[in-house]
Amino acid sequence: NRAVASLKDMNDAIVDIAEKTNPAVVTITTEKTQQVQRRDPFSMFFGNPNSREGQTEEYVRRGLGSGVIVSKEGYVLTNNHVIADTDEIKVRMYDGNEVSASLVGTDPDTDIAVLKISVENLPTVTLGDSDAAKVGSFVLAIGSPLSEDLAHTVSFGIVSARGRSLNTLTAYGDYIQTDAAINPGNSGCALIDMNGELIGINSAIASRSGGNDGIGFAIPIKLAKRIMDDLVEDGEVSRGYLGMYSAGEVDQTMAQALGLNNDRGIIVGQVVEDSPAEQAGLEEDDIILTINGETISDYDAFRTKIASYKPGKNIDLEVN
């Protein structure tokens, strides 16, 4: 019947997307060699003449994560926490081939890192429009959860929420929340929309068990690409700066009392001297309602939006 045919069409579309995007997802393994002093808890009691206490031994710490090939030049997007404080980074391709990766640059404030590999005829994923990913949109997460043996695992879900901030993880976020299964090892993996395009880099989970509880977070590709472009072109990230502190956020009661048309906004607190905010005429107790025509949801989202612009960019603020 028609319902079964429509469901099969949808299933075929998901299978097609998974087959086309999976080869561009890679498994990242890292190694860090540390010097550890050997301890012998019995030597102080028994005076063991053969004790090796105090001798230095090498210990190799290994890590696992995921990444996404985003260009034919070999650039790979992943999370900073996947490759931070490591000596060696290796990338395992979809065909099982393993190659060494060089580190192009990192940005801990957004948890983004860019690697580069030298391989011919690389499969890549198309960068999508993360702003178009609405709550309820279907998405796929593709990565390497828990172990290398589970590489290229595909999970299915929806966009659960937008504009989440994780201040305990990064200074800037605006994360996409998803219920597509994400586990340790998925960090840096791909969040794919129904156009088969990359809309996010999966980065974190909220979990009481340490595993998937259906609450995962992805960095929007719009922000990730902005960071990647800076790291590739300049070797460092530059961010927009406004020069003001917030005194709070507008709620519904305050909006009604002030006669505002919308119940969202940022109350301006201290304005930094000689800052762009002061030069533009912002003053304490002003209320910023929109940025470039977009309603402001909260201060964290506003900070992230400002930081996403390059210095020197002109922006329009609607101010009461």
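Shown above is the structure to which this text applies.
Residues numbered from 1 in each chain as written. Predicted model: local features only at pLDDT ≥ 70, side-chain atom pairs only at ≥ 80, totals over all residues. Heavy atoms only, no water.

### Brief notes about the packing of aromatic side chains
We describe a pair of aromatic rings using the distance from one ring centre to the other and the angle between the two ring planes. Under the criterion given, the structure shown has three aromatic pairs. Cation over ring: Lys 116 sits above Tyr 75, and NZ or CZ is 5.5 Å from the ring centre. (Phe/Tyr/Trp six-rings, centres within 6.5 Å; stacked < 30°, edge-to-face > 60°. Lys NZ or Arg CZ within 6 Å of the ring centre and 35° of its normal.)

### Thoughts on a nonpolar patch on the surface
Residues Leu 7, Met 10, Phe 138, Phe 156 and Met 194 make up a contiguous nonpolar surface patch of roughly 440 Å² in combined accessible area. Its place among the elements puts Phe 156 in strand E9 (residues 153–164). (Patch = residues over 30% accessible without salt bridge, like charges linked within 9 Å, V, L, I, M, F, W, Y side chains within 5 Å. Areas by Shrake-Rupley, 256 points an atom, 1.4 Å probe, with all protein chains shown as cover. Salt bridge = Lys/Arg side-chain N within 4 Å of Asp/Glu carboxyl O. Helix = DSSP H or I, 4+ residues; strand = E, 2+ residues; numbered from the N terminus.)

### A word on unusual backbone geometry
Phi at Asp 85 takes a positive value of approximately 55 degrees, unusual for a residue other than glycine. In this model, Asp 285 sits at a positive phi of 80 degrees, which is unusual for a non-glycine residue.

### Notes on the pairing of strand E13 (residues 216–220)
Counting buried positions over the five residues of E13 gives five, a clear majority of the element. By the bridge criterion, three bridges tie strand E10 (residues 175–178) to E13 in an arrangement that is antiparallel. Residue Thr 178 lies in a different strand from E13, and its bridge partner there is Gly 216. Bridge analysis of strand E12 (residues 198–205) against E13 gives five bridges, and the strand direction is antiparallel. Along E13, the bridge assignment pairs Asn 202 with Ala 218. (Buried < 20%, exposed > 50% of the residue type's maximum accessible area, 1.4 Å probe, protein only. Pairing = 2+ DSSP bridges.)

### Some words on the nonpolar core
Within the largest apolar cluster, 30 residues are counted, with the highest numbers of intra-cluster contacts made by Val 68, Val 70, Leu 77, Val 125, Ile 192, Leu 198 and Ala 224. Every element with two or more residues in this core is listed here: helix H1 (2–21), strand E3 (75–79), strand E7 (112–116), strand E8 (138–143), strand E11 (190–193), E12, E13 and helix H4 (221–234). At six residues, the largest contribution of residues to this core is made by H4. Contacts of Ile 192, omitting those with residues within four sequence positions, involve Ile 17, Thr 21, Val 125, Phe 138, Val 139, Leu 140, Ile 142, Glu 197 and Leu 198. Grouped together as the second largest cluster of nonpolar side chains are 15 residues, Ile 69, Val 76, Ile 89 and Val 99 included. (Core = buried A, V, L, I, M, F, W, Y, C linked by side-chain atoms within 4.5 Å. Contact = heavy atoms within 4.5 Å.)

### A few points about the sheet that holds E13
Read around the closed barrel, the six strands follow the order E8-E9-E10-E13-E12-E11; overall the barrel is antiparallel. Taking each pair of neighbouring strands and ignoring which way they run, the sheet shows an average axis angle of 45 degrees. Both E11 and E12 contribute to a ladder of three bridges, which runs antiparallel. Its bridge partner lying in E12, Ala 190 is registered against Ile 201. (Axes fitted to C-alpha atoms, helices over the stretch in contact; angles between N-to-C directions.)

### Some thoughts on the pattern of salt bridges
Enumeration over the complete set of coordinates arrives at 13 salt bridges. Lys 8 serves as the salt-bridge partner of Asp 12, at 3.0 Å between the closest nitrogen and oxygen. Of the two residues, Asp 12 and Lys 8 are both situated in helix H1; the distance of four residues between them amounts to about one turn of the helix. The exposure class assigned to Asp 12 is partly exposed, which follows from its relative accessible area of 35%. Classification of Lys 8 as exposed rests on a relative accessible area of 52%. Taking the shortest distance from any N to any O, the salt bridge between Lys 32 and Asp 87 comes out at 3.7 Å. Of this pair, Lys 32 sits in strand E1 (residues 25–37) while Asp 87 sits in the loop between helix H3 (80–83) and strand E4 (88–92); the two residues are 55 residues apart in sequence, bridging distant segments of the chain.

Function cannot be inferred from these measures alone, as they are strictly geometric.
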